[in-house]
Amino acid sequence: MTAALVGPGEGAFAAPDAPSAAQLGTATGSATGSATDSAPPEHRPRRTLLDRTLKIWAILIFAFLFTPIVVIVAYSFNTGRLLAAFTGFGFDSFGALFTKPVVRDAVLVSLKVGVVAAIFAALLGTFAGIALARRPGKWTYWFMGLLLLVAMTPEIVDAVALLPWLVFLGQDLGLGIFNNGIVRLVIGNSVFSIAVVTYLVRARLLGMPENLEEASADLYAPPMRTFRKVTLPLTMPAILAGLLLSFTFSLDDTIVASFVQVSGATPWPVYVLSAVHTGLRPEVAAVSSIMLVITLGALAVVGIVLKRAGDSSAEIASTMAGG
Amino acid sequence: MSHASNQTNDTAPLRILADQAAVPGIRRALSRRGFFSLAGLAGAGALLAACGKGGSGGTGGGTDTGATATGGKLEDTLSMYSWGDYDAPEVLADFTKQLGPKLVVDSFGSNEELISKLVAAKGTGGYDILVPTGAYIPQMVENKLLMKLNKELIPNIKYMDPAFLNKAWDPKGDYSICKAWGTTGFVYDKTVITRELKTWSDFLDCAQKEASHKTSVLDDPKEITGMYFWANGIDWNTTDPAHLDAVEKFLTGTLAPHIAAFDSNPGTGAIPQGTHALIQVWNGDARQGIIESKKADKWQWVLGAPATELWMDNWAISSTAPHPNAAHAFINFVLTPENQLKNVDYIGYHTGAKDIEEKAKAENFEMLDLVFFTPEQLATMHEGTVNSATERTVDIYNKMKAAASA
Amino acid sequence: MPRRRLPKYALALPAWLWLIAFFIVPVAVVFWYSFGYKPGLFGSHANDVLSFDRYIEVLTPTFFKTFLNTLQIGVAGTLLCFLIGAPVAYWMALKAPAHLKGLLIALVLVPFWTNFLIRTIGWMIVLSPEGWVSQAFQALGFNPVSILYTRPAVLLGVVYNYLPLMILPLYVAFDRVGVVLREASKDLGASPLRTFTRVTFPLARPGIIVGVLLVYIPLMGDYITATVLGGAKGNMVGQMLASQFQTAQNWALGSAMAIMLILITVGSIAVMGGLIVLGTMPIRRRNRVRLQEVSV
């Protein structure tokens, strides 16, 4: 598993790094001049030295990012009582997913909430992002200000604010849907994710000229059709990127989730936090490893779908970073 | 406790989210549905005056008094809200296998979180079994969050050691039965600290000397102020301002600069990893950490002296439990000696059962001196309470943290 | 555009409503709490008597001391993230093979699919006195080392957890600049340094601002990240606020602290932004001319 995680990354670094035609093609800068060849020869030696240094630095940083993850994957084969103390090698800890319904349920709740929250945030965020990019006005400042406030509010404040409110909606107003555990967790995770997706979509569309949509409208395509046939495909990479990021945030949400959860819907991070009480067992590492594989698989699927849709991975990448 | 009788405490201000004018209507709607009244709706611990019927979903539960279950057919499911990983999986599986109800287990991270949730959720959490720490039980009873236990449905209480029942926070044992208890002490690294440490005074002294910047304390205001009070022969539940001033001066002025970390679960990482030299820790956590440490010999456990804490987590049932019969059956089930022994083995804490020490010894469990204590040691352990000093204690704790980060 | 009958914000309406329903309203209630008080031992808040007293209570020396520590960690953490992340983002955007870019971006995110607490244990296993780093040092004949629970450890924890939030926007910023524009600059005779300071950097600036804000803002409200590896040294204002909501059960004071924290964060951003704008004004004016020359 370690190899599967790190392998592709290291392969990436070993690949030749000469700028390719494809790379030039993806540049989204405002320059319109034709793609020139590489720099003149006299720049070569200095650039190579700088490039090498940059590459080594990047490899080091990727190694840094993966250090604890590799350790955790390795320690998921620990047969001891405590995760942090390696006493023997074995696969025992992976059995927890089957023998401990609590662990399995927590993981399933997290995955379910992650998927639903991501789709939901993508939906609302996409519309908001398109409006921000294509229909700017005075309201834009208010909306951007709101998104900033969302980012600035400490999670614990969201948590204590949201719980009584959801209870009020569910109990006092009788809206039973707000008593559903998954719904509550999705709401808890959605606020920040919507902000992020909105932002990604806006960034994506701001970097693209409106000509296509205008052309479509000029040809008397109804607005819905223009939206479906032109705007949406233009935005698609940002939406998919937003899905992934929302899913990532959702998987790690502890504070808000611990407050809004109801019976039968403890998400994984809340379980891990409360299990520290009696000492974290290697099974939490094993479950993490499995989740890592699942999420990597999901990512691969998204990548393949995108490739089929004719979008280059570089474009996805630039959208994911949102800019 | 009677259901839906006095809906609000007349003297208490009504505190709600809704507009004041809408209150009477909402209140009527609520009591019809048999849920908590609105008083204190949004606030953890605000006065909740009316108590809901004990269960809208139970077939035989929810009796007239709203106080307890009367027995009868067990419901299909049972929901437990507890600390994570706090029961042997085997015991939980056996319960469903032998008695039927499907068990749903959810986790919380602190008592405050548990209470905030129960009060704010007004019964929508759907929990049956709760596992609060003793000191918080009066608050939960006052807020009518707990159901009176029907002891007739829990005959296995006879296996419990009376020493661990009916403690000060629940003197008649109406609401709680011991689930597990522990105490506070410390471990030190004998390769770094060569003198013998025996008391909290030794701990505090050593923390300023050999173990400076290598000391960790529990991340809990009460435990930190507790150390000073225990060391100096003061009741650790004191509300005397002079005592609180003294502890503030000592913690922020003297001890804080020497503290490396505030860590409530060193057994999970710091002890097996050898991160600090002097560590305040709960006994079961210390045991796990030392057993798993590669250099187990270097660690010395010391029970806090001359006085220390006794904390006890308890089985209790939510006043709005949808499945009160199954809840009583579950508590009765886990109290059987076999199941208590399995839980001692799994979580590493004493469950309060009679004669369990001998059985554990017969099974050759490791390091039992960190699980079982002599009656003399037990006499030095005292329960904590939530009292008027709590806010001040938190304030002192924040000041100490600020001082320690400098 | 024909048929523009709907208001401009129509498409954003669902998000507006959602954020109002599940962010503005509940948080406004918390804001309202901040004018109330804690009623007795077992109550958490009441609003029948309103006052600014909680705000006065917030402004203690402890708060300022803790806030100063928070600001130090926030600024140092953000700066370090930038210094460490920028070359990586630059390499990914302008030097890495195009077909691997998607994979590289994914690899920046992958570590965050493992639970926060578990990642932390991973670090402790590596960094503790009995951990791998220390053992390697001992094998080489040095004394055991432990950087856990020191100032550097505070920053290590912060940088680790916030680095991706810096790298991603910077990546896009540099990607936008593109190879073409830089080559053009060089072809026109600019030195690499000049290309960087006059073309790459100014064009990437919006992305840099985004990256800095994305790290700085959440970091200021965070209270766990800095403590997991940094221990007592990583104490932040968020911790005081959380202890009011959780242990002390004083929601009024906690709310007042939250409002103060948000205000001070906005204030510090405004001050820093102002300084940067003032400091770079002359350079910007010159660059604008230059850029136009280059990009036309």
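Residues numbered from 1 in each chain as written. Chains lettered and ligands numbered in written order. Predicted model: local features only at pLDDT ≥ 70, side-chain atom pairs only at ≥ 80, totals over all residues.

A. Expanded view of the overall build of chain A. Per the secondary structure count, chain A includes 14 helices and zero strands. Expressed as a percentage of its 323 residues, the buried residues of chain A come to 51%. (Helix = DSSP H or I, 4+ residues; strand = E, 2+ residues; numbered from the N terminus. Buried ≥ 20, exposed ≤ 12 C-beta atoms within 10 Å, placed from the backbone.)

B. Region of the structure containing the interface of chain B and chain C. Of the residues lining the interface, 37 residues belong to chain B; the matching set on chain C comes to 36 residues. The element contributing the most residues to the side of chain B that touches chain C is helix H14 (residues 390–405) of chain B, with ten residues. For the side of chain B that touches chain C, the class distribution of residues is 15 nonpolar, 14 polar and eight charged. (Contact = placed C-beta atoms within 7 Å. Nonpolar A, V, L, I, M, F, W, Y, C, P; charged D, E, K, R; others polar.)

C. Structural detail: helix H7 (residues 155–172) of chain A. Helix length check: H7 of chain A, at 18 residues, gives a terminal C-alpha distance of 25 Å against a target of 26 Å (1.5 Å per residue), a fit within 8%. Of all the 18 residues making up H7 of chain A, 18 are buried; the element is thus mostly covered by neighbouring parts of the structure. (Expected span 1.5 Å × (residues − 1).)

D. Quick peek at the nonpolar core. Within the largest apolar cluster, 293 residues are counted, with the highest numbers of intra-cluster contacts made by Val160 and Leu162 of chain A, Ile129 of chain B together with Ala12, Ala89 and Tyr171 of chain C. With 18 residues, the top contributor of residues to this core is helix H7 (residues 151–187) of chain C. Both domain 2 (67–179 + 311–362) and domain 3 (181–310 + 374–405) of chain B contribute no fewer than three residues apiece to this core. (Core = buried A, V, L, I, M, F, W, Y, C linked by C-beta atoms within 7 Å. Domains from an automatic or database assignment.)

E. Quick look at the packing of helix H5 (residues 101–134) of chain A against helix H1 (residues 13–33) of chain C. Relative to each other, H5 of chain A and H1 of chain C sit at 120°, their axes nearing to 7 Å. The angle between H5 of chain A and H1 of chain C places the two elements in the oblique class. Between H5 of chain A, through Leu124, Gly125, Phe127 and Ala128 of chain A, and H1 of chain C, the contact on the second element is made entirely by Pro14, Ala15 and Trp18 of chain C. (Axes fitted to C-alpha atoms, helices over the stretch in contact; angles between N-to-C directions. Parallel < 35°, antiparallel > 145°, perpendicular 65-115°, else oblique.)

F. Structural view of helix H11 (residues 337–347) of chain B. Residue and element names in this part refer to chain B. Where H11 is concerned, the buried positions are Asn339, Gln340, Leu341, Asn343, Val344 and Ile347. Residues of H11 that are buried sit in contact with helix H2 (89–99), strand S4 (177–189), helix H9 (283–292), helix H10 (324–334) and helix H12 (356–362). Glycine 348 lies just past H11 and shows a positive phi near 75°.

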